[in-house]
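A structural walkthrough
Given next are the chains, with one letter for each unit.
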Amino acid sequence: ERNREWILYGKDQPYNSYEIFGDDEVKILVLDYLSEGSFETHILDREGKHLLKLKTTEVLKPSPEGVFYHSGSDVVSGTFLFAYNKDGKLLWTVANRWGCTDAEALDDSVVVFLDGNELYLYDLNSGRQVWADSSLSRQCWKLVTSKNGEDFIVFGSKSLFSFTRDGDRKWSKYDQSLLYH
């Protein structure tokens, strides 16, 4: 189960974060905030052996088993979705239009990418767009995926949207009491 811990250092920037991931081979992702637009990601195995060190301009998130790493909700550049393989090789990038993004891997093969009020599903290996949805009527900021990767929720301005991994909208809610903080 994923576990995130943020420690704020000075400004409203993360100093570092830790995430445990992988069921078959448990790994630990350690993210260090170096300076504005500069991060260092370290991947360790469960015995503490250092597997990968990668300097990037964005916060990285692992796919569930760590086959891929991708940029996430704190994209400093505000302009790209990045995908790396498990060895830290940059595989592909995608420019976004709105600059307000989030991304979550549904499994070790696809990543769902939120760009303002547009959704995209990309193949993590090739960068090929699998589907796109521009039907969100409001600006959205956050994605949360189910543990099995079959469903995800999109949060936005007083709104919630539920989707299947195939891009089918299951339901949506617009309510004054739904506030995103």
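The notes below deal with the structure included here. (Residues numbered from 1 in each chain as written. Predicted model: local features only at pLDDT ≥ 70, side-chain atom pairs only at ≥ 80, totals over all residues. Heavy atoms only, no water.)

Each helix and strand counted, the chain has zero helices and 17 strands in total. Relative to its 181 residues, the chain shows a buried fraction of 45%. Pairs at least 24 residues apart make up 31% of the contacts formed inside the chain by residues separated by at least 6 positions. Accessible surface for the chain amounts to roughly 9,500 Å². Of this, 49% is attributable to carbon and sulfur atoms. (Helix = DSSP H or I, 4+ residues; strand = E, 2+ residues; numbered from the N terminus. Buried < 20%, exposed > 50% of the residue type's maximum accessible area, 1.4 Å probe, protein only. Contact = heavy atoms within 4.5 Å. Areas by Shrake-Rupley, 256 points an atom, 1.4 Å probe, with all protein chains shown as cover.)

For the coordinates displayed, the defined rule picks out eight aromatic pairs. Pairing Trp 131 with Phe 152 gives two aromatic rings, centres 6.5 Å apart and planes at 10°, and the pair type is stacked. With Trp 131 in strand E13 (residues 129–133) and Phe 152 in strand E15 (residues 151–156), the pair connects residues that are 21 residues apart, well separated along the chain. Judged by its relative accessible area of 12%, Trp 131 is buried. (Phe/Tyr/Trp six-rings, centres within 6.5 Å; stacked < 30°, edge-to-face > 60°.)

It is worth spelling out the sheet that holds E13 at this point. Read across the sheet, four strands follow the order E10-E11-E12-E13 without closing on themselves; strand pairing throughout is antiparallel. Strand pairing shows two members of the sheet lacking a second neighbour, strand E10 (101–105) and E13, which therefore form its edges. Across this sheet, the average inter-strand angle for adjacent strands is 15°, counted without regard to direction. As defined by bridge partners, strand E12 (residues 118–123) adjoins E13 across four bridges and the pair is classed as antiparallel. When the sheet's bridge partners are listed, Tyr 122 is paired in E13 with Gln 129. (Pairing = 2+ DSSP bridges. Axes fitted to C-alpha atoms, helices over the stretch in contact; angles between N-to-C directions.)

Spatial strand order, E6-E7-E8-E9: four strands in an open sheet with antiparallel pairing. With one partner strand each, in any of the chains shown, strand E6 (60–62) and strand E9 (90–95) form the two edges of the open sheet. For this sheet, the mean angle separating the axes of adjacent strands, direction not counted, is 20°.

What follows concerns the side chain of Thr 41. Secondary-structure assignment places Thr 41 in strand E4 (residues 38–45). The exposure class assigned to Thr 41 is buried, which follows from its relative accessible area of 2%. Not counting the four nearest positions on each side in its chain, Thr 41 is found in contact with Leu 29, Val 30, Leu 31, Leu 52, Lys 53, Leu 54 and Leu 60.

Summed over the entire model, instances satisfying the criterion amount to eight salt bridges. One salt bridge connects Glu 40 with Lys 53, and the closest N-O pair in it is separated by 3.9 Å. Remark: Lys 53 occurs in strand E5 (residues 50–56) and Glu 40 occurs in strand E4; sequence separation between them is 13 residues. What makes Glu 40 buried here is its relative accessible area of 11%. Ionic pairing is found between Lys 61 and Asp 102, a salt bridge with its closest N-O pair at 3.2 Å. (Salt bridge = Lys/Arg side-chain N within 4 Å of Asp/Glu carboxyl O.)

All right, on to the nonpolar core then. Membership of the largest hydrophobic core comes to 14 residues, with the highest contact counts inside it found for Val 112, Leu 119, Leu 136, Phe 152 and Val 154. Put simply, the parts of the chain that give this core at least two residues each are strand E11 (110–115), E12, strand E14 (140–145), E15 and strand E16 (159–164). It is E11 that contributes the most residues to this core, three residues altogether. In this view, Leu 136 contacts Leu 114, Asn 117, Glu 118, Leu 119, Val 154, Phe 161, Phe 163 and Arg 169; residues no more than four positions away in its chain are not counted. Grouped together as the second largest cluster of nonpolar side chains are 13 residues, Leu 31, Phe 39, Tyr 69 and Tyr 84 included. (Core = buried A, V, L, I, M, F, W, Y, C linked by side-chain atoms within 4.5 Å.)

Moving on to the environment of Leu 143. By secondary structure assignment, the location of Leu 143 is in strand E14. It is 6.8 Å that separates the C-alpha atoms of Leu 143 and Ala 103, two residues lying 40 residues apart in sequence. Those residues within four positions of Leu 143 in sequence are excluded, and the remaining contacts are Asp 102, Ala 103, Glu 104, Val 112, Leu 114, Leu 119, Phe 152, Ile 153 and Val 154.

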